[in-house]
Amino acid sequence: MRPILMKGHERPLTFLKYNREGDLLFSCAKDHTPTVWFADDGERLGTYRGHNGAVWCCDVSRDSTRLVTGSADQSVKLWDVQTGTQLYTFNFNSPARSVDFSVGDKLVVITTDPFMGNPSTIQVKRIARDPADQTSDSVLTIKGPQGRINRAVWGPLNKTIISAGEDSIIRIWDAETGNLLKETDKESGHQKTISSLCMSADKSHFLTGSADKSAKLWDSRSLTLLKTYQMDRPVNAVAISPLLDHVVIGGGQEAVNVTMTDRRAGKFEAKFYHKILQDEIGGVKGHFGPINALAFNPDGRSFSSGGEDGYVRLHHFDPEYFSIRM
Amino acid sequence: MAAAALSMPEIENKAMNLGIDLSTIDFDNIVLPPGDDFGINSDDEDILHEEEAPEFETGYGNVIVVDNLPVVSPEKFAKLEGVIRKIYGQTGVIKEGGLWMPVNPDTNMTLGYCFIEFNTAQEAKEAKEKTDGYKLDKSHIFVVDMFDDIDRYMNVPDEWTPAEIKPYEAGDHLQHWLTDEKARDQFVIRAGTVTEIFWNDARQVRPDPVYQRQYWTDSFVQWSPLGTYLATVHRQGAAVWGGKSTFNRIHRFPHNQVKHIDFSPGERFLVTYSSQEPSNPRDTHRVVLNIFDLGTGKLMRDFKGSVDDFTTGGSGGLSGISWPIFKWGGGKEDKYFARIGKNAIYVYETETFILVDKKSYKVDNVVDFSWSPTDSILALFVPELGGGNQPARVSLVQMPGKVELRQKNLFSVSDCKMYWHSNGEYLAVKVDRYTKTKKSTYTGFELFRIKERDIPIEVLELDNKNDKIIAFAWEPKGHRFAVIHGDGPRPDVSFYSMKTGGITARVSKLTTLKAKQANALYWSPAGRFIVLAGLKGFNGQLEFYNVDDLETMATGEHFMCTDIEWDPTGRYVATAVTSVHEMENGFHIWSFNGKLLYRIPKDHFFQFQWRPRPPSLLSPEKEEEISRNLRKYSKKYEAEDQDVSLALSEQDRKKRRALQEEWETWTARWKQYHEEERELRLQLRDGEASDDEGSQEQYEAKEVEAEEVLDVHEEIVD
């Protein structure tokens, strides 16, 4: 498996997202400009210029016309995917950490960081069909959890919002009322900051990665712990294969240790685990810094990883990958 | 227990009698008066009581009593006082008004004794040691005692009572681990505050826990050389543990602030060492060494002194002792132990714990010595003296009798190192010599054949004698040795044999492996196999090499590996990353031929040690017979192996099937939900039909050709 190295960002990668067809790959980095690539050959298509801070997260609409990005410049921007023009800017008074389109792309859930005395929030905005009608009103605002909320996504049928963050607790909220429905307990839950959360294609289950060196698989309706994947390093990024019963988990270590780590130590590998058996299948080396972002192509035949080293590595699986027997 | 375990109904009855409603009482809120245990001993209390009673300072530690003085009249009082002052003024400083000679008030005569107070207890002790038995004249021989001891002597009963003979208690079966049916080996690990002992269960490909205990030791643990005991080290002393099922404490060896311990090779004695920082920074450290009998736990002899007395050569300094200070000799019987001093070697025998022939063995300028591992033969090294006028020398000395068996003079030597073969058959001396210009050194070996007549010596020089020697190791139970030599990042490894050719055996080279990433050699305890390891700078490269067939069996890597140890049978190899650095801590277990069996990561991993085994009881002939008929014996074990692996894979299959089934029930439910919600989802999407989140339906890739005029340029062509 020979990866395609995509060098377009000048700072560490933060997030990767494929569109529904899997022909476009959107990447976010700390260098202010989200970039779109051909997911097949890694050719750079264009950038979205306008943010004035690190871009933490993005999401693309189902029809691949709209891109939404959340940035540390305290704004969330809506873009036209094809032309790269800014359609609208939601302004906040603290950095925006995560964005996620709802089913039907009419709503977007945004999380903002605790900043200058403001607590962290989860906000739901309505996305108008015509950008001219767009307003900045929040449909719903949830406050409460302590610390940064690293990820908030829509649950099945837009009925719930699932959030996870620094306080290591996963919470399910009612998307209508903003009431807390469920949260993880001490025993089954993570012990340290949850860094990433990835929904399965049918939204029935999701995977979380945490600094406690584990990744956990949960039922998104009942919030039951299904599986735990034990790693030997903090987890920064997770992804679920849409095709096979595999998950891929990437990590690194605390920033203080990075300079003391030899690349050969294998800490910067993307590790594949069998989703059901929880056994390690293998690893993909290459990055020379921690992996910050992982994404599977919706067809399950390729995946990409983004690292602290500023590279996106696009991997098309070899035919042998599809015949792995466990 | 006074209130021997009341049962619940009894408590209820009692409460009824006293008119107390039990349900109103919150038992957790009852606070007992501190310091009262109501006659109920806590579990660890007797341990506390067993601890040594603290020493009380009476404040008279610096006072001595001198008895048997002449009885004098007041006229002569001053004169006697003068004499005493003169005698004791030599040994220390008498405190002002610190000399008191009591006088009989009736006769005005002195009572024949006096008290002397010194500045320090140290001085008092010294004064006692020096002047006890001092002859003032024929009839007045001083009897000197410490003031603190008088009480003790007073309490000695006048009548002798026979010592109580304790009934015999059957001891624990200390060798029980050797009777393991699967013939597995044990090892101990220390990670964080926990010390754990495991069976190495290679068949199940995992360690099988035996015993675990938190805060078992204050600094480290150590197996005794034959594996009978595990020693732990504490502030108050050392302890040894062993037994059949769990690890019980066998003996405790009190020694305050103990720092190092060392077992004699035959497990008869334990040496403990501590050094104490002096109160006066100009003084040297005080060193205490105790030798205990492991069987009885009794202190056999102690050695005290300043650290200088126990260090030799120029490498002194504050903590310049090289452990172990005492080296044990005389094979497994632990007959002798010896230490090196200035211009002498002190050899003690364990029958009496005094010097052999009651005096030290004088060797001028001796800097190093070592015992043969099997015989009472000392090898010692004396460096060059007088700018080369007196050559350096290595000699072999037989104990007792101090007979010099062999001696070899060596010229322009910078350093020497001695390597005994574990059977005591050979001694290799690595000699670093100066080149003619004295600017650099080169290395050669002097090989002694101890068991042959007259102890022939052979000189071996490497093919390239300028090569640096990085490591040297004898093959246990064999006749070969390995050397890593060379400069630069990829040294060579050479193997030599002591047994080649006809009747006159000569050393010969077997092979040289070029450019290996190795800096350490680990022979299998059974010989034949060796691990060439690249530790530290080489990041843990491992090569498993078969010296019989001169071929590499396997290579491996344990990244950052710091320690390697073969199990005592030579079947497995453990490689470990200990807490020298924080990363990658843990250990791996390999088979002898380099197959990685399992790996266990452990944070804050400090120690890995295989439990040693006593030597085999089989005679060499018997062993050979077994290895000849190995096929016959191995059948049984192979069958067992197969059974286990079948059972394992069966277990594995079952587990997998269970997991798979569990997962299927989940996904079935999800699918059902998904179907049920299809309509709602469609609505949310404004009726967009496809329900696939991914792109299972193929999108059409159309190739569109588009032309664009970039520039029009006209050029006139002639």
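For clarity, every value in this text was computed on a predicted model and none was experimentally measured.

Rules used throughout
- Residues numbered from 1 in each chain as written.
- Chains lettered and ligands numbered in written order.
- Predicted model: local features only at pLDDT ≥ 70, side-chain atom pairs only at ≥ 80, totals over all residues.
- Heavy atoms only, no water.
- Helix = DSSP H or I, 4+ residues; strand = E, 2+ residues; numbered from the N terminus.
- Buried < 20%, exposed > 50% of the residue type's maximum accessible area, 1.4 Å probe, protein only.
- Contact = heavy atoms within 4.5 Å.
- Areas by Shrake-Rupley, 256 points an atom, 1.4 Å probe, with all protein chains shown as cover.
- Core = buried A, V, L, I, M, F, W, Y, C linked by side-chain atoms within 4.5 Å.
- UniProt positions renumbered as here; feature names shortened; annotations may be inferred.
- Pairing = 2+ DSSP bridges.
- Salt bridge = Lys/Arg side-chain N within 4 Å of Asp/Glu carboxyl O.
- pLDDT = per-residue confidence, 0-100.
- Axes fitted to C-alpha atoms, helices over the stretch in contact; angles between N-to-C directions.

Another point: the overall build of chain A. Each helix and strand in chain A was counted, giving one helix and 28 strands. Residues counted as buried form 60% of the 326 residues belonging to chain A. Considering only residue pairs separated by 6 or more positions, chain A has 43% of its internal contacts joining residues 24 or more positions apart. Summed over all atoms, the accessible surface of chain A reaches about 12,700 Å², with 45% contributed by carbon and sulfur.

Attention now moves to the nonpolar core. Residues and elements named next belong to chain A. Core analysis: the largest hydrophobic core is formed by 24 residues, its most contacted members being F26, L67 and V76. Contributions of two or more residues to this core are made by β3 (24-29), β6 (55-60), β7 (66-71), β8 (75-80), β10 (96-101) and β11 (107-112). Here this core takes four residues from β6, the largest share from any one element.

The next point concerns the UniProt feature "repeat: WD" (unreviewed entry) in chain A. The sites that carry the UniProt feature "repeat: WD" (unreviewed entry) are, in the present numbering, residues 6-47, 48-89, 142-183, 187-228 and 284-314 of chain A. Here residues 284-314 of chain A is 0% helix and 55% strand, with 11 Å between the C-alpha atoms at its ends.

On to the sheet that holds strand β21 (residues 361-362) of chain B. All names here are of chain B. Spatially, the four strands line up as an open sheet ordered β18-β19-β20-β21, and their pairing is antiparallel. Edge strands, defined here as strands with exactly one partner in the open sheet, are β18 (327-329) and β21. Pairing between strand β19 (residues 336-341) and strand β20 (residues 344-349): six bridges, direction antiparallel. By the bridge assignment, Y336 is partnered in β20 with E349.

We now examine the pattern of salt bridges. Under the defined criterion, the tally for this structure stands at 43 salt bridges over all chains. Among the ionic pairs, R171(A) bridges to E183(A), the shortest N-O distance being 3.3 Å. Residue R171(A) is located in strand β16 (residues 171-174), and its partner E183(A) is located in strand β17 (residues 180-183); the two are separated by 12 residues in the primary sequence. Judged by relative accessible area, which is 10%, R171(A) ranks as buried. When the shortest N-O distance is used, the salt bridge between D357(B) and K402(B) registers 3.7 Å. Placement of the pair is D357(B) in the loop between β20 and β21 and K402(B) in the loop between β24 (392-398) and β25 (403-410), with a sequence separation of 45 residues. The exposure class assigned to K402(B) is buried, which follows from its relative accessible area of 18%. Put simply, D180(B), R184(B), D201(B) and D208(B) are held in one network by salt bridges that share partners.

Low-pLDDT stretches of the model should not have their predicted coordinates read in fine detail. All names here are of chain B. Averaged over chain B, the pLDDT score is 83; the fraction of residues at 70 or greater is 89%. Note on residues 1-5: pLDDT is under 50 here. Beyond four places in sequence and across chains, it has four contacts. Long-range and interchain partners of residues 313-319, a stretch whose pLDDT sits below 50, account for five contacts in this model, where long-range means more than four residues apart. Interface confidence for the predicted complex, expressed as ipTM, amounts to 0.80; the pTM equals 0.69.

Another point: the sheet that holds strand β7 (residues 186-191) of chain B. All names here are of chain B. Here we have four strands laid out as an open sheet, ordered β9-β8-β7-β42, and antiparallel in their pairing. The open sheet has two edge strands with one neighbour each: β9 (206-214) and β42 (605-610). In this sheet, neighbouring strand axes are inclined to one another by 20 degrees on average, regardless of whether the strands run parallel or antiparallel. In this sheet, strand β8 (residues 194-201) lies alongside β7 in antiparallel orientation, the contact comprising six bridges. Looking at the pairing, V188 lines up with I197 of β8.

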